[in-house]
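Residue-level structure breakdown
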Amino acid sequence: MKTIMWISAFITCGLIIGIIVYVFAKGIPFISWDLLSTSPTYIPPHIGILPDIMNTIYIVIASLVVMVPLGAGAAIYLEEYATNQKVVAVIEYAAETLSGIPSIIYGLVGMLFFCEFAGLRTSILAGALTLVIMNLPSIMRTTQESLKTVPQSYREGAFALGAGKWRVIRTVVLPGCVDGIITGCVLATGRILGESAALLFTAGFAHTLNSFFEGLMSPGATLTVALYVYAKEQGEFGAAFAIAAILMILTLGINSLAMWLERHFRKMREQGYPQEKTKE
Amino acid sequence: MNAEDKQKSDTIISTKDLNVWYDDFQALIDVTMDIPEKSITALIGPSGCGKSTFLRTLNRMNDLIESAKTTGSVLYRDQDIFHSSMEVSELRRHIGMVFQKPNPFPMSVYDNVAYGPRTHGTKSRAKLDDIVERSLRGAAIWDEVRDKLRQNALGLSGGQQQRLCIARALAVQPDVLLMDEPTSALDPISTTKIEELILQLKENYTIIIVTHNMQQALRISDGTAFFLLGDLVEYGSTDIIFSTPSDKRTEDYITGRFG
C-alpha cells in the first residue's frame, strides 16, 4: 500500500516538475529584450509582446480599481451594518455559487452585457469589468473573513468612548483587516493574470500598443490571450512558450508576494496599528 | 432643603420600571433604582441575573445587540437617555465603561488614551499630551508607562492593560464609570491595585461596578444592589445588605448558599 502511495506522490510531483521544466526549457530561449520591449509587425514578420504585457497591466489595474472598493465595501456592509442575517446568508450563498461558475460563462454574459448592451464593444474595459464580476465574490469573502478576525471587544471599547459607527470602522476595524483586503487583491491579480476564456469574448485579440485610457477603450490581448493566439492561430510556438514561461514566473512572484504580505501584516498587527494624525 | 430634596439632587442616575428583553427572554423586570452621585454602587447576583444587562443599558451599549428591546425610563441627570434628543455619543462620553477583559486597542499607549478625546474633536498635540498624562496619572499607571507611551499597549501586563482602559475612559472626562467585573480576569495583586484606584476615583466620579466577588463589593462599595433572575431583589447601603439583609434570597446568596 505504501508503495502505491509513494508512486502516486512521485507521479504527481513528477508531472508538476515536468511541466515547469518543459515550459521553461521551451520558452526561456525565446525570451529576449527585443521580445519584451517591442510591438509585433507583419512586414517584416516580427513578434513582440510589449502590447500584451501592457494590456495585462491595464486590465489588472482597471479590475482592481473597481473591484476593491466594491468588494470591500460590500463586505463591510455585510459584516458591520447588515442586520438581517437571512439576507446576509443569501448573499454569501450567492457569492459562493458565483465563484464556482466556469469563467467562460462570465465571458458570454460579459460580451452580451458590457460589449453589446452597455456599448463598450470589445475592449479592455469590458474585459476588466467582466473580471470584476468574476472576482468580486472572492474579494468580498476574503475581506469578510478578515473582518471577522477583528475582536468584538475592540469595537465595544470604541463605541463605549462615544465613537460613531464609521469612526469605529475606520480606526479600529479596517486597520485590522487591511491584510485580508490586500491578500485578496494579490490573489485576484493572480487569477486575472491566468484568465483567458472570459477575455476571449470581451477584450479581444489586438496587439496594439496603447496608453492606459486609450487602451481601456480599445480591444487588446492580455498575455494569456496572446499565448492562445500565437499558439493556435499563428503556430508561433516559440513565442507562446516564452509567454507561458513569463506567466509562470509572474504567478510564482504573485504567490510569493501574497505569502510575504501575510507574514508582514501579521507582524504589523502584533506591533499595533499605525498612529493617528495629530496636529502639532 | 428637606431630606427628600437632598436625596433627589444627589441622584445621578435613576431608572424607573426598566424592562429589557432579548427576543423572548426578559433579562430585566421592572427595575427601579436611584444611584447616588460620587459613590460606588456594586451590582451583585448570580450569572444571568441581569446585572450586566442593567449596566449596559445605562450607556446604551445594549443598542448594539439587535434583539434587545427596552421599556421604562433611565434618567441621567434628569434627562431621559432614550429620548431622541439624547446623542448616544454624548451619553457615552459622560458615562464611560470598563470591560471585564482588558480591551486596549492594538495601538500605542498614547493613542489608546487619546482615542476618546480625538473622537470628540480634540486635535491639538499639546492638549492631547496633557490629557494623556492626566488620565494616566488618574488611573495610577503613569509611572509605569511614562517611558512606553509610543509602545503597543498589547505589550503591557493584564493589570496594566486594565488600568490603561480606565485611563482611556477617564480621558473624555466622564461623570460616571460603569465597570463590568473589571478585576475578574486579573491576578490578586492587580486586583488590589484596581480596587485602590476605584476608591480614589470615587472622589470625582460615580462608579457602578458589577462584581462576582462578595468581598470586593463589601470592601469598596457604598451601596449594593442584589439582582436575581432579572429582579432587583434588594438595594441599600452595603453595610446593611451584608449584615442584615431584609430578603431571605439576598441572605442566601451573600452567605454563599447559591450563586
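Right above here is the structure, for reference.
Description of the structure in this document. Not measured: the values here are computed from a predicted model.

In this section: the overall build of chain A. The helix and strand inventory of chain A stands at 13 helices and zero strands. Listing each helix as α and each strand as β along chain A from the N terminus yields α-α-α-α-α-α-α-α-α-α-α-α-α. With the principal axes as the frame, chain A shows a C-alpha extent of 70 × 60 × 45 Å. Residues counted as buried form 43% of the 280 residues belonging to chain A. Contacts in chain A between residues at least 24 apart in sequence constitute 73% of all its contacts with a sequence separation of at least 6. A total accessible area of about 14900 Å² is found for chain A, and carbon and sulfur atoms account for 71% of it.

Right, let's get into the overall build of chain B. Looking only at helices and strands, chain B features eleven helices and ten strands. Its C-alpha radius of gyration of 18 Å places chain B within 12% of the 18 Å reference for a compact globule of 259 residues. Summarising its shape, the C-alpha atoms of chain B cover approximately 55 × 45 × 45 Å along the three principal directions. Summarising the internal contacts of chain B: among those between residues at least 6 apart in sequence, 68% fall at separations of at least 24. When the accessible surface of chain B is summed, it comes to about 11400 Å², and 47% of that surface belongs to carbon and sulfur atoms. Charged side chains in chain B number 29 positive and 36 negative. The centres of these two groups are separated by 7 Å.

Looking now at empty space enclosed by the protein. What the rule picks out here adds up to one cavity of 30 Å³ or more. If you trace the largest cavity, you find it lined by Gly 157, Ala 160 and Leu 161 of chain A together with Met 97, Phe 99, Cys 165, Arg 168 and Ala 169 of chain B. Of all the secondary-structure elements, those providing two or more residues to the lining of the largest cavity are helix 7 (152-160) of chain A together with helix 7 (158-170) of chain B. For the lining of the largest cavity, the element with the most residues is helix 7 of chain B, which contributes three residues. Per-class residue counts for the lining of the largest cavity are six nonpolar, one polar and one charged.

Take the layout of surface pockets next. Here the largest pocket is characterised by a volume of approximately 670 Å³. Around the largest pocket sit 25 residues that line it, and Glu 80, Gln 152 and Lys 165 of chain A together with Leu 64 and Glu 66 of chain B are the ones nearest its centre. Counting residues per element, the ones that place at least two in the lining of the largest pocket are helix 3 (50-81), helix 6 (124-148) and helix 7 of chain A together with helix 3 (88-94) of chain B. The dominant element in the lining of the largest pocket, judged by the number of residues it contributes, is helix 7 of chain A, at four residues. Of the residues in the lining of the largest pocket, the class split is nine nonpolar, six polar and ten charged.

This part covers the nonpolar core. Core analysis: the biggest nonpolar cluster contains 91 residues, and Ile 59 of chain A together with Ile 13, Met 33, Leu 43, Phe 54, Ile 208 and Phe 227 of chain B have the highest contact counts within it. Take this core: its biggest share by element is eleven residues, from helix 3 of chain A. In this structure Met 33 of chain B touches Ile 13, Ser 14, Thr 15, Thr 41, Leu 43, Phe 54, Ala 225, Phe 227, Leu 232 and Tyr 235 of chain B, once residues within four positions along its chain are discounted. Within the second largest apolar cluster, 45 residues are counted, among which are Ile 40, Val 113, Leu 170 and Phe 242 of chain B.

With that settled, consider the side chain of Thr 15 of chain B. All names here are of chain B. Mapping Thr 15 onto the fold places it in strand 1 (residues 11-22). At 3.0 Å, the side chain of Thr 15 forms a polar contact with the backbone oxygen of Val 31. Leaving out residues up to four positions away in the same chain, Thr 15 has contacts with Val 31, Thr 32, Met 33, Asp 34, Phe 54, Leu 58, Ser 73 and Val 74.

The next thing to look at is the sheet that holds strand 4 (residues 68-76) of chain B. What holds strands together in a sheet is hydrogen bonding between their backbones, with the strands either parallel or antiparallel. Residues and elements named next belong to chain B. The antiparallel open sheet is built from four strands, whose spatial order is 2-1-4-5. The strands lining the two open edges of the sheet, one partner per strand, are strand 2 (25-36) and strand 5 (79-80). As paired strands, strand 1 and strand 4 are joined by eight bridges and run antiparallel to one another. Its bridge partner lying in strand 4, Val 20 is registered against Thr 70. In this fold helix 2 (residues 51-58) packs onto strand 1, strand 2 and strand 4, with an angle of close to 120 degrees to the strand it touches most, strand 1.

With that settled, the discussion passes to unusual backbone geometry. All names here are of chain B. At Asp 17, a residue that is not glycine, the phi angle is positive and equals roughly 45 degrees. Tracing the backbone through its elements, the reader meets Asp 17 in strand 1. The exposure class of Asp 17 is partly exposed, given its relative accessible area of 37%. Phi at Arg 60 takes a positive value of approximately 60 degrees, unusual for a residue other than glycine. Within the secondary structure layout, Arg 60 lies in the loop between helix 2 and strand 4. Arg 60 sits in the buried class, given a relative accessible area of 15%.

Let's shift gears to the pairing of strand 2 of chain B. Residues and elements named next belong to chain B. The pairing of strand 1 with strand 2 spans eight bridges and is classified as antiparallel. Counterpart to Ser 14 in the pairing with strand 2 is Asp 34. In this antiparallel pair of consecutive strands, strand 1 and strand 2, the connection spans two residues, and Asp 23 shows a positive phi of 50 degrees.

On to the sheet that holds strand 9 (residues 223-228) of chain B, then. Residue and element names in this part refer to chain B. One open sheet accounts for six strands, arranged 6-7-8-3-9-10; its pairing is mixed. Bordering the open sheet on either side are strand 6 (95-98) and strand 10 (231-237), each of which pairs with just one other strand. Across this sheet, the average inter-strand angle for adjacent strands is 15 degrees, counted without regard to direction. By the bridge criterion, four bridges tie strand 6 to strand 7 (residues 176-180) in an arrangement that is parallel. Opposite Gly 96, over in strand 7, you have Leu 177 as the bridge partner. On the sheet, helix 7 packs against strand 6 and strand 7 and is oriented at approximately 170 degrees with respect to strand 6.

With that settled, consider the packing of helix 3 of chain A against helix 6 of chain A. Residues and elements named next belong to chain A. It is at 6 Å that the axes of helix 3 and helix 6 come closest, and there the two elements cross at 40 degrees. Judged by the angle between their axes, helix 3 and helix 6 are oblique. For the element pair helix 3 and helix 6, the recorded crossing hand is right-handed. Residue composition of the contact of helix 3 with helix 6, grouped by class: 21 nonpolar, seven polar and three charged.

What counts, and at which threshold
Residues numbered from 1 in each chain as written. Chains lettered and ligands numbered in written order. Predicted model: local features only at pLDDT ≥ 70, side-chain atom pairs only at ≥ 80, totals over all residues. Heavy atoms only, no water. Helix = DSSP H or I, 4+ residues; strand = E, 2+ residues; numbered from the N terminus. Buried < 20%, exposed > 50% of the residue type's maximum accessible area, 1.4 Å probe, protein only. Contact = heavy atoms within 4.5 Å. Areas by Shrake-Rupley, 256 points an atom, 1.4 Å probe, with all protein chains shown as cover. Rg over C-alpha atoms; globule rule 2.2 N^0.38 Å. Lys, Arg positive; Asp, Glu negative; His and termini not counted. Charge placed at Lys NZ, Arg CZ, Asp CG, Glu CD. 1 Å grid on protein atoms, 1.4 Å probe; cavity = no way out; pocket = protein on both sides within 12 Å on 5 of 7 lines; lining within 4 Å. Points joined across faces, edges and corners; volume = space filled by probe spheres on them. Nonpolar A, V, L, I, M, F, W, Y, C, P; charged D, E, K, R; others polar. Core = buried A, V, L, I, M, F, W, Y, C linked by side-chain atoms within 4.5 Å. Polar contact = N/O pair within 3.5 Å; in protein donor to acceptor, adjacent residues only side chain to side chain. Pairing = 2+ DSSP bridges. Axes fitted to C-alpha atoms, helices over the stretch in contact; angles between N-to-C directions. Parallel < 35°, antiparallel > 145°, perpendicular 65-115°, else oblique. Left-handed = near helix turned anticlockwise from the far one by under 90°.

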